[in-house]
Amino acid sequence: MGFACGIVGLPNVGKSTLFNALTESAAAEAANYPFCTIEPNVGIVPVPDPRLDVIGRLAKSARIVPTRIEIRDIAGLVRGASRGEGLGNRFLAAIREVDAVLHVLRCFEDPDVVHVEGGVDPLRDAELVETELLLADIESLQRQKEGLVRRARGGEREAKERLALIERILPVMEEGTPARALDLSEDERRLLRGFHLLTSKPVLYVCNVEEDAAATGNALTRAVAEMAERQGARTLVVSAKVEAELVALAPEERREYLQALGLEEPGLARVVREGYRLLDLVTFFTAGPREARAWTVRRGARAPEAAGVIHSDFERGFICAEVIAYEDYVACGGEQGAKDAGKMRLEGRDYVIRDGDICLFRFNV
């Protein structure tokens with residue numbers, strides 16, 4: 001599995017429509033009233049990567065197996081969610097389970113689609129959701145602090161470290177700073193992960209626009225982009241309506257429709273690419289006559305960790321990795337050609353996996 005992301009936002013901003021389009025399903029009911037989505041809908045979708053098809057063809061693989069991401073359509077949040085308003089408790093619990101947040105903001109006007117806040121203002125909506133998540137985090141830290149005080153008095157070292165961190169960050173967060181924006185050392189970041197804070201999740205702002213603005217955006221998306229830049233975050237412009245229409249088209253018709261709108265690729269490919277960038281992930285491949293498969297690992301992972309993504313035995317008994325760069329694999333016509341050209345490298349435990357590596361792991365258990 002590549003990663004899990006949660007689609008969040010206020011009711012009636014297009015979350016479920018976008019989810020249905022991204023997962024090419026009708027799993028999430030889309031309707032013009034709040035709390036249409038109660039339990040999170042979950043879709044598992046393949047990650048589009050044209051390199052995998054090329055590798056499979058050169059390896060004469062019987063089947064192609066892409067890596068996958070999990071997309072969750074989470075109930076719409078409303079003002080007061082941190083206090084349990086609406087479906088606040090379910091919403092907050094669902095966010096804790098994902099790796100990244102796709103925050104959908106409504107950036108289109110439509111008198112037929114009501115807005116729970118009375119009008120379209122994506123900056124206000126973004127602040128409302130962020131505030132509710134921040135309030136929930138502050139309450140969580142206050143509860144955790146009470147338990148840590150008792151353990152720290154008993155002399156527990158880690159409790160003292162965690163308590164000291166809470167006492168340092170709590171006043172800053174109470175002033176409105178989300179956890180992901182805190183100025184922390186690597187050791188403090190490690191401790192922070194143990195608090196499972198909602199605002200520590202990386203966020204991609206997804207601006208849902210009308211069909212005519214799918215390629216260029218509009219004044220509202222530009223305002224969101226300026227806000228995101230101040231936060232060090234990223235944005236993506238998508239028309240949920242366009243994505244929903246693409247699902248019903250044949251591949252050739254999809255290409256023609258995208259070209260007519262000035263788009264090069266559908267929303268899923270762009271969401272995946274931004275998600276990988278957000279979480280700092282890379283893709284490596286394995287290939288042979290049986291199958292060509294894509295795998296996901298964090299950037300900076302060493303060869304044994306990548307081997308462990310395939311099977312824990314591979315990591316436990318790791319000996320070495322035979323590695324071919326994607327460009328060399330293609331240029332040499334596959335594995336044997338790369339070997340003959342001296343492009344296959346034998347790498348040890350300290351080798352850092354690079355995006356596009358084709359790997360064969362040797363192990364012994």
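Residues numbered from 1 in each chain as written. Predicted model: local features only at pLDDT ≥ 70, side-chain atom pairs only at ≥ 80, totals over all residues. Heavy atoms only, no water.

A. Local environment of the confidence of the model for the protein chain. Residues at a pLDDT of 70 or more form 89% of the protein chain, whose mean pLDDT is 86. Taken element by element, the predicted model of the protein chain shows its lowest mean pLDDT in helix H3 (residues 88-96) (69) and its highest in helix H13 (residues 326-331) (98). Across residues 25-39, confidence stays below pLDDT 50; counting only partners more than four residues off in sequence or on other chains, it has 42 contacts. (pLDDT = per-residue confidence, 0-100. Helix = DSSP H or I, 4+ residues; strand = E, 2+ residues; numbered from the N terminus. Contact = heavy atoms within 4.5 Å.)

B. Broad picture of the environment of Arg-222. With respect to the helices and strands, the residue Arg-222 is situated in helix H7 (residues 219-231). When residues no more than four places from it in sequence are discounted, the contact partners of Arg-222 are Thr-216 and Gly-217.

C. Representation of unusual backbone geometry within the structure. At Lys-60, a position not held by glycine, the phi torsion is positive, near 55 degrees. Relative to the helices and strands, Lys-60 is located in the loop between helix H2 (50-59) and strand E3 (63-65). Of note in the backbone geometry, His-196 takes a positive phi value of approximately 55 degrees without being a glycine. Here His-196 is to be found in the loop between helix H6 (186-193) and strand E6 (203-208). The class of His-196 is exposed, set by a relative accessible area of 56%. (Buried < 20%, exposed > 50% of the residue type's maximum accessible area, 1.4 Å probe, protein only.)

D. Looking closely at the side chain of Asn-218. Assignment of secondary structure puts Asn-218 in the loop between E6 and H7. Not counting residues within four places of it along the chain, the set of residues in contact with Asn-218 comprises Cys-107, Val-209, Glu-210 and Ala-213.

E. Representation of the sheet that holds strand E7 (residues 234-238) in the model. On the basis of which strands lie adjacent, the open sheet formed by 6 strands has the order E2-E4-E1-E5-E6-E7 and mixed pairing. Of all strands in the sheet, those bounded by a partner on one side alone are strand E2 (41-46) and E7. Averaged over all adjacent pairs, the angle separating strand axes in this sheet is 25 degrees, with direction ignored. Where E6 lies against E7, 5 bridges are found, and the strand directions are parallel. Across the sheet, residue Leu-204 finds its bridge partner in E7, namely Arg-234. Packed on one face of the sheet, helix H1 (residues 15-22) meets strand E1 (4-8), E2, strand E4 (68-73), strand E5 (100-106), E6 and E7 and runs near 155 degrees to E4. Along the sheet, helix H10 (residues 267-279) contacts E2, E4, E5, E6 and E7; its crossing angle with E7, the most-contacted strand, is approximately 175 degrees. (Pairing = 2+ DSSP bridges. Axes fitted to C-alpha atoms, helices over the stretch in contact; angles between N-to-C directions.)

F. Up close: the environment of Tyr-205. Within the fold, Tyr-205 resides in strand E6. Taking relative accessible area as the criterion, Tyr-205 reaches 1% and is therefore assigned buried. Here the alpha-carbon distance between Tyr-205 and Val-237, two residues 32 residues apart in the chain, equals 8.5 Å. Among the polar contacts made by the side chain of Tyr-205, one reaches the side chain of Gln-231 at a distance of 2.8 Å. (Polar contact = N/O pair within 3.5 Å; in protein donor to acceptor, adjacent residues only side chain to side chain.)

G. A look at the packing of helix H5 (residues 157-174) against H6. One can describe the packing of H5 onto H6 by two numbers: an axis separation of 10 Å at closest approach and a directional angle of 95 degrees. With respect to H6, the axis of H5 lies roughly perpendicular. Contacts from Glu-161, Arg-162, Leu-165, Arg-168 and Ile-169 of H5 reach H6 at Glu-188, Leu-191 and Leu-192. (Parallel < 35°, antiparallel > 145°, perpendicular 65-115°, else oblique.)

H. Looking closely at the pairing of E2. Side chains of E2 alternate between two faces, with Asn-41, Gly-43 and Val-45 buried and Val-42, Ile-44 and Pro-46 left unburied. Of the strand pairs in this sheet, E2 and E4 are connected by 6 bridges, and their pairing is antiparallel. For Val-45, the partnering residue across the bridge sits in E4 and is Ile-69.

I. Molecular detail of the pattern of salt bridges. With the rule as written, the count across this model stands at 23 salt bridges. Note that Asp-125 is salt-bridged to Arg-124, the shortest N-O span being 2.8 Å. By relative accessible area, Arg-124 is classed as partly exposed at 22%. Between Glu-305 and Arg-298 there is a salt bridge whose closest N-O contact spans 2.9 Å. Residue class for Glu-305 comes out partly exposed when judged on its relative accessible area of 29%. Given the relative accessible area of 43%, Arg-298 is considered partly exposed. Connected via shared salt-bridge partners are Asp-49, Arg-51 and Asp-355. (Salt bridge = Lys/Arg side-chain N within 4 Å of Asp/Glu carboxyl O.)

J. Broad picture of the pairing of E6. Counting buried positions along E6 yields 6 of 6 residues, so the element is predominantly enclosed. Alternating residues of E6 divide into Val-203, Tyr-205 and Cys-207 and Leu-204, Val-206 and Asn-208, and every residue in both groups is buried. Where E5 and E6 come together, 6 bridges link them in parallel fashion. Opposite Val-101, over in E6, you have Val-203 as the bridge partner. Once the chain exits E6 it traverses H7 before rejoining the sheet at E7, and the crossover so formed is right-handed. (Right-handed = clockwise from strand over helix to strand, strands pointing away.)

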